[in-house]
Amino acid sequence: MNILVTGGAGYIGSHTCIELLDAGFTPIVFDNLSNSSTIALDRVKQITGQTITFIKGDVRDAEALDHVFNEYNIYAVIHFAGLKAVGESVEKPLMYYDNNVSGSITLFGAMERNTVSRVIFSSSATVYGDPATVPITEDFPTSTTNPYGGSKLIIEDVLKNIHIAHPEWNIALLRYFNPVGAHKSGLIGEDPNDIPNNLMPYISGVAVGKLEQLSIFGGDYPTPDGTGVRDYIHVVDLAKGHVKALQAFENPSVDNLYTVNLGTGKGYSVLEMVAAFNKASNKPIKYQITDRRAGDIACCYADPSYAKTLIDWEATMGVQVMCDDTWRWQSNHPTGYKTND
Ligand code: NAD
Ligand code: UDP
């Protein structure tokens, strides 16, 4: 069965392609390469022995999408394509709403025209805003503090409205917590374009000597060691969640529209992540504690039990594996996909 994977050359998309192939699906990647490289797909081939059909295109291009839906018999769409840097979204809100929201609307319109009615959407724990308590369940209120989060909430709403108009569509809203790690081969991983915004690529950049030192944003949060707590999830576990979400579309006892958290249910502080990475890399991770980052929250972790009940998915890998795998990728490829093998 052909699965159209928008943004499939990216970090989560490339790992998901491997799991799709492993489960017998055929990924067809559609990506404008604005934040990725086809080298990732070459590496997927190296890992799986299978070639992936790649189409360079933008999800805002209705004609290009119609062409893909005409040419391939698409069973379902996994929609990763989007911009994801929170800080940049504050500076360039129109770019984020255009790329993420307009792109999604154009994609869903093409699906409707071409009678493709199954879609998995990459949402984010950011839609919970600053939760009143943890762990977070799917019925918590949603809110956002930045255009990136705003774009995720709008797209969720668009899909909920599509569900009302087309109750026969199968729609999965997957709310990811903090994806980290890399494929165990060390051949693919996260490869940020500029200075990383997220914690894990920053720590690994310091460990490999590309970055001077980590700034820990805030040491006075109401958490056990004062640093922010998050639910880090191995990207391969996350990728497997998409296969489970696809398979759940065939399960008559699963509602046609559902929302699930993809997290581990465990929270780790920044200092705990630094210690785990230090153990993985055997390198000192130089850091200083600085002011809090605007918009950050103290603590965020999932209650992942609904995903287990509904789609039979749970995370299996802990933070040490996440750090070990990140280090294998980072140390083999200090400059990401620019590093030749
Ligand atoms: P990524 O940047 O590595 O992958 C996104 C891919 O989409 C890239 O390959 C990029 O080139 C492509 N793309 C962007 N705009 C496009 C467009 N208009 N048309 C076609 N392709 C386009 O990011 P990722 O970490 O793999 O994230 C995938 C999805 O998961 C995103 O929607 C992101 O918002 C969401 N998400 C990510 C995280 C995270 O921390 N990584 C957390 C929650 C949700
Ligand atoms: N963080 C940090 N220094 C960095 C990047 C992140 O201290 O250079 C902290 C951040 O304040 C948060 C945690 O690490 O407590 C995870 O941040 P990330 O940006 O990776 O994810 P998000 O904030 O979106 O959950």
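Residues numbered from 1 in each chain as written. Chains lettered and ligands numbered in written order. Predicted model: local features only at pLDDT ≥ 70, side-chain atom pairs only at ≥ 80, totals over all residues. Heavy atoms only, no water.

Asks: Tell me about the site of ligand 2, and name the residues and values.
Replies: The environment of ligand 2 is formed by 14 residues, the closest being Leu199, Ser215, Arg230, Arg293 and Asp296. The contact in question runs from an oxygen atom of ligand 2 to an N or O atom on the side chain of Asn198, over 3.2 Å. One of the side-chain nitrogen or oxygen atoms of Asp296 is found 2.5 Å away from an oxygen atom of ligand 2. Relative to its unbound accessible surface of 510 Å², ligand 2 loses 87% to contact with the protein. Sorting elements by how many residues they give to the shell around ligand 2 places strand β8 (residues 214-217) first, with four residues. Its residues assigned to classes, the shell around ligand 2 shows six nonpolar, five polar and three charged. (Near = heavy atom within 4 Å. Polar contact = N/O pair within 3.5 Å; in protein donor to acceptor, adjacent residues only side chain to side chain. Areas by Shrake-Rupley, 256 points an atom, 1.4 Å probe, with all protein chains shown as cover. Helix = DSSP H or I, 4+ residues; strand = E, 2+ residues; numbered from the N terminus. Nonpolar A, V, L, I, M, F, W, Y, C, P; charged D, E, K, R; others polar.)

Asks: Talk me through the sheet that holds strand β9 (residues 229-230); I want residue IDs and the actual numbers.
Replies: Spatial ordering of the open sheet is given by β12-β9-β14, a layout of three strands whose pairing is mixed. In this open sheet, the two edge strands, each paired with only one partner strand, are β12 (268-269) and β14 (299-300). (Pairing = 2+ DSSP bridges.)

Asks: Can you break down the pairing of strand β5 (residues 118-124) residue by residue, with the values?
Replies: In terms of burial, β5 is largely enclosed, as six of its seven residues are buried. Relative to β5, strand β4 (residues 74-79) is paired through three bridges, and the arrangement is parallel. Directly across from Ile78, in β5, lies its bridge partner Ile120. Note that β5 and strand β6 (residues 170-176) share seven bridges and pair parallel. Bridge assignment links Phe121 to a residue of β6, and that residue is Leu173. Once you follow β5 into helix α6 (residues 147-165) and on to β6, the crossover reads as right-handed. (Buried < 20%, exposed > 50% of the residue type's maximum accessible area, 1.4 Å probe, protein only. Right-handed = clockwise from strand over helix to strand, strands pointing away.)

Asks: Tell me what's going on with the site of ligand 1, and back it up with residues and numbers.
Replies: If you check the shell around ligand 1, you find 27 residues, and the closest are Ile12, Asp31, Asn35, Ser36 and Tyr148. Here an oxygen atom of ligand 1 and a side-chain polar atom of Asp31 are 2.6 Å apart. The contact in question runs from a nitrogen atom of ligand 1 to an N or O atom on the backbone of Val59, over 3.0 Å. For ligand 1, the accessible surface in isolation is 810 Å², of which the surrounding protein chains cover 96%. When residues in the shell around ligand 1 are grouped by element, the largest group, three residues, is from β5. Broken down by class, the residue content of the shell around ligand 1 amounts to ten nonpolar, twelve polar and five charged.

Purely geometric numbers; function is a separate question.
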